[in-house]
Amino acid sequence: MAPKRILRSWNGYVAVCLLLSPIMDSVFAVTHYSVPEEMEEGSVVANLATDLGLDVKSLRQRKMRVDVVGNKKYLDINKDTGELFIAERIDREFLCPLKTATSCFLRLDARIENPVRMFNIEVEITDINDNAPHFRRGTMDLDISESSPVGERFSLNNAADPDLGTNSVQNYHLSASDHFTIEIQTGRDGTKFADLVLQKALDREQQAVHNLILTAVDGGVPTRTGTASIIVRVLDVNDNAPSFDKDKYAVEVMENSPIGSLVIKLNATDLDEGSNSDVTYSYSLYTSEKTQETFHLNPTSGEITVKGMLNYEDFRIYDMEVIATDKGVSALSGQIKLKIIVEDINDNHPQLSIKSFQSPVSENIKLDTVIAVVSVSDKDSGDNGLVDLHIPDNMPFKLRESSDNYYELVVSEPLDREKVPEYDITFTVTDRGSPPLSDNETMTLELLDVNDNVPQFPQSFYTIRVMENNAPGALLSSLTAFDPDLHENQYLVYFILEKEIANTSMSMLFSINPENGNLYALKTFDYEIEKDFVFHIEARDSGSPPLSSNVSVHIIIVDQNDNAPSIVSPWCERGSVVEEKIPRSTDKGS
């Protein structure tokens, strides 16, 4: 039986198989080695002379040479030591590009003279995890109907990884989503791919676009990943009926209103889109012919205008029902009831006069403070001369009668300039005639700012990743707070709250621009010495007294491949163990 020796080399084994023929004087030898790809140029594979039983001292004299079958000379022999070494970096995926090739070999011919002997050498190139998964398309666009059933699956592009076995794609992860998840499938050739699965019903009116991230993960150590964006656009279906903001309206119209004058403009809204949201208006069967002859309904705009002559003494109230119908394939509709009241006229409008008006006022003005004094009058007598004054109901003010025909406008609810900076207060005076006449006047009340808002950061916690060996003075991030107050109350100053780590103040490591919140590194960080920092940044406004808030900042130092590895390689030769230093890599780490 031919002798067999195992030589340990690098991270794996270099297997040497010598098959010697006893028939020929010139030795026919087949020698097999196994080495990982991407070994450094100059790395020793094995001592070929020793494995072949040759005298190292005679290699030059016997003109020993090694020829690689192919175009590139990946390996060569040191004629002084007999060592077979890497002459050019070997990329297994370039050498054997087919994924179906489970083994990848380099075949060499070794030749010596005096006498001539030929040796066949096979070097198996084993795979390492030197390639990250990648998607052929960085963005996948999906159009999914909002009526799609839960559980429906959608095919996604798979990620490719030229590495083999566990170093290829092994799993996929999807970013957090309430509506979608993924299921991992395995093809006949072992390829992993993911299906997008709908796990919660979609509603375009709530969310029209879903942005997801799909991550492919290989099984190498350490693992490598690749990502692709998934943009899901939700297609509309006609699942919303048109609706009015009220179920019914009551509208008054003067009996002397000219033909064509606007009575009311109805507005129905439909949350769908496209033709599913286009609305047309029509009278229902419950609307009398007389009403339809008196008032015109525009089917497109929803405007109701006077069509025939009005006469309070003949007909005072018109009841109608209006239907709003969308243009979907399966049309949906909504309705509203409308009462049009014809009012008699009188010939004098009431009048109002603003006697005093205080503006601007501070937003923290006390409740019940008088803002304005208004007087009202009407030259008519009886019910037509009795007047009422009012302001819009949705305002933080109320009217208080102080004496005959005099009213005070007072603050009835707390004011907040950041929510409403000013109020257009419309005073409306209406008489009690039939029909009533009215007049109005609008005054603008401006609010002055007080420092009543604390600066707010968009986030309560910031995580900032900084690559080690950074340049001093490098911008790390911009931490900007917002203060809705005005002027000096919104001018912010940023500080680093002092904290010592190993007797080192944070202000010696980082600085922040007090005006814009830009955070800078003051030194170069070394991942092998310091891996992270946690401190707080305060934003303080310039009000009196000033208000402030702070945010936590977590600086994570990210490692670079800036240290050469040192591997102890037991070398099975005469029972000795030799430690080898691997030359520092200037290419990608693996």
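Residues numbered from 1 in each chain as written. Predicted model: local features only at pLDDT ≥ 70, side-chain atom pairs only at ≥ 80, totals over all residues. Heavy atoms only, no water.

A. Up close: the overall build of the chain. Along the backbone of the chain there are 4 helices and 44 strands. Looking at the chain as a whole, 40% of its 590 residues are labelled buried. Long-range contacts, defined as pairs at least 24 residues apart, comprise 63% of the intrachain contacts of the chain with a sequence gap of at least 6. Accessible area for the chain stands at about 32400 Å²; split by element, carbon and sulfur atoms hold 49% of it. (Helix = DSSP H or I, 4+ residues; strand = E, 2+ residues; numbered from the N terminus. Buried < 20%, exposed > 50% of the residue type's maximum accessible area, 1.4 Å probe, protein only. Contact = heavy atoms within 4.5 Å. Areas by Shrake-Rupley, 256 points an atom, 1.4 Å probe, with all protein chains shown as cover.)

B. Layout of the sheet that holds strand β37 (residues 475–478). Spatially, the 3 strands line up as an open sheet ordered β37-β42-β41, and their pairing is antiparallel. Single-partner strands in this sheet number two, and they are β37 and β41 (510–512). Ignoring which end each strand starts from, the neighbouring axes of this sheet average 20° apart. The pairing of β37 with strand β42 (residues 518–521) spans 3 bridges and is classified as antiparallel. When the bridges of β42 are listed, Leu475 appears paired with Tyr520. (Pairing = 2+ DSSP bridges. Axes fitted to C-alpha atoms, helices over the stretch in contact; angles between N-to-C directions.)

C. A look at the side chain of Ser375. Here Ser375 lies in strand β30 (residues 370–377). Residue Ser375 is classed as buried on the basis of its relative accessible area of 12%. Setting aside residues no more than four positions away along its own chain, Ser375 makes contact with Gln351, Leu352, Ser353, Lys355, Asn405 and Tyr406.

D. Summary view of the state of the cysteines. In this structure the tally under the stated criterion is 1 disulfide. Here Cys96 is linked by a disulfide to Cys104, with a sulfur-sulfur distance of 2.0 Å. With the S-S dihedral at roughly 75°, the linkage between Cys96 and Cys104 falls on the right-handed side. Comparing Cys96 with Cys104, the two get one shared label, buried. (Disulfide = S-S within 2.5 Å.)

E. Layout of the nonpolar core. Leu48, Met64, Leu75 and Leu106 are the most contacted members of the largest nonpolar core, which totals 29 residues. Residue assignment for this core shows that the elements contributing at least two residues are β3 (29–36), β4 (44–47), α1 (48–52), β5 (65–68), β6 (75–77), β7 (83–86), β8 (105–112) and β9 (117–126). Sequence-distant contacts of Met64, defined by excluding residues within four places in its chain, comprise Leu48, Leu52, Leu54, Leu59, Ile77, Lys79, Ala110, Arg111 and Ile112. Counting 25 residues, the second-largest nonpolar core is a separate cluster that includes Leu476, Ile496, Leu509 and Ala539. (Core = buried A, V, L, I, M, F, W, Y, C linked by side-chain atoms within 4.5 Å.)

F. Geometry of the pattern of salt bridges. Within the structure shown, the criterion is met by 20 salt bridges. With its nearest N and O atoms 3.2 Å apart, the salt bridge here joins Glu40 to Arg89. In this pair, Glu40 is assigned in the loop between β3 and β4 and Arg89 in the loop between β7 and α2 (92–95), connecting sequence segments 49 residues apart. (Salt bridge = Lys/Arg side-chain N within 4 Å of Asp/Glu carboxyl O.)

G. Molecular detail of the packing of aromatic side chains. Tallied over the entire structure, the rule returns 10 aromatic pairs. Judged by centre distance (5.3 Å) and plane angle (50°), the ring pair of Phe525 and Phe533 falls under tilted. One aromatic cluster is present, built from ring pairs that chain together Phe510, Phe525, Phe533 and Phe535. Geometry around Phe315 places Lys290 over its ring, the cationic atom sitting 5.2 Å from the centre. Across the ring face of Tyr527, the terminal group of Lys531 is positioned such that the distance to the ring centre comes to 4.8 Å. (Phe/Tyr/Trp six-rings, centres within 6.5 Å; stacked < 30°, edge-to-face > 60°. Lys NZ or Arg CZ within 6 Å of the ring centre and 35° of its normal.)

H. How the structure looks around the pairing of strand β23 (residues 279–283). Here β23 shows a buried face lined by Val279, Tyr281 and Tyr283 and an unburied face lined by Thr280 and Ser282. As paired strands, β23 and strand β26 (residues 317–326) are joined by 5 bridges and run antiparallel to one another. Looking at the pairing, Tyr283 lines up with Val322 of β26.

I. Spotlight on unusual backbone geometry. A cis amide bond links Ser359 to the next residue, Pro360, at an omega of 5°. Although it is not a glycine, Asp368 adopts a positive phi angle of roughly 75°. Since its relative accessible area comes to 42%, Asp368 is described here as partly exposed. Positive phi is not limited to glycine here, since His487 has a value of about 50°. Relative to the assigned elements, His487 resides in the loop between β37 and β38 (492–497).

J. Expanded view of the side chain of Asn47. By secondary structure assignment, the location of Asn47 is in strand β4. With a relative accessible area of 18%, Asn47 lands in the buried category. In terms of polar contacts, Asn47 uses its side chain to reach the backbone amide nitrogen of Ala49, at 3.3 Å. Non-local contacts of Asn47, meaning those with residues more than four positions away in its chain, are made with Thr81, Gly82 and Glu83. (Polar contact = N/O pair within 3.5 Å; in protein donor to acceptor, adjacent residues only side chain to side chain.)

K. Quick peek at the environment of Gly138. Note that Gly138 resides in the loop between β10 (134–135) and β11 (139–145). For Gly138 and Leu214, which are 76 residues apart along the polypeptide, the C-alpha to C-alpha distance reads 9.9 Å. Here Gly138 is in contact with Ala228 and Ser229, once residues within four sequence places are set aside.

L. Molecular detail of the sheet that holds β7. Pairing is antiparallel in the open sheet, where 3 strands are placed in the order β4-β7-β6. Strands at the two margins of the open sheet, each flanked by one partner only, are β4 and β6. Averaged over all pairs of adjacent strands, the angle between strand axes in this sheet comes to 20°, irrespective of strand direction. As judged from the 3 bridges shared by β4 and β7, these two strands associate in the antiparallel manner. When the sheet's bridge partners are listed, Val44 is paired in β7 with Phe85.

M. The pairing of strand β34 (residues 422–431), seen in detail. Of all the 10 residues making up β34, 7 are buried; the element is thus mostly covered by neighbouring parts of the structure. Pairing of β34 with strand β35 (residues 438–448) involves 9 bridges; the strand directions are antiparallel. Paired with Asp424 across the two strands is Thr444, which belongs to β35. Between β34 and the antiparallel strand that follows it, β35, lie 6 residues.

N. Quick look at the confidence of the model for the chain. Looking at the chain as a whole, its pLDDT mean stands at 84, while 89% of the residues score no less than 70. Across residues 1–27 the pLDDT falls below 50, and counting only partners more than four positions away or on other chains, this stretch makes 67 contacts in the model. (pLDDT = per-residue confidence, 0-100.)

O. Here's a closer look at the environment of Tyr491. Summarising the element assignment, Tyr491 is placed in the loop between β37 and β38. Taking C-alpha positions, Tyr491 is 8.5 Å from Glu515, a pair spaced 24 residues apart along the chain. Excluding residues within four positions of it along the chain, Tyr491 makes contact with Arg540, Asp541 and Ser542.

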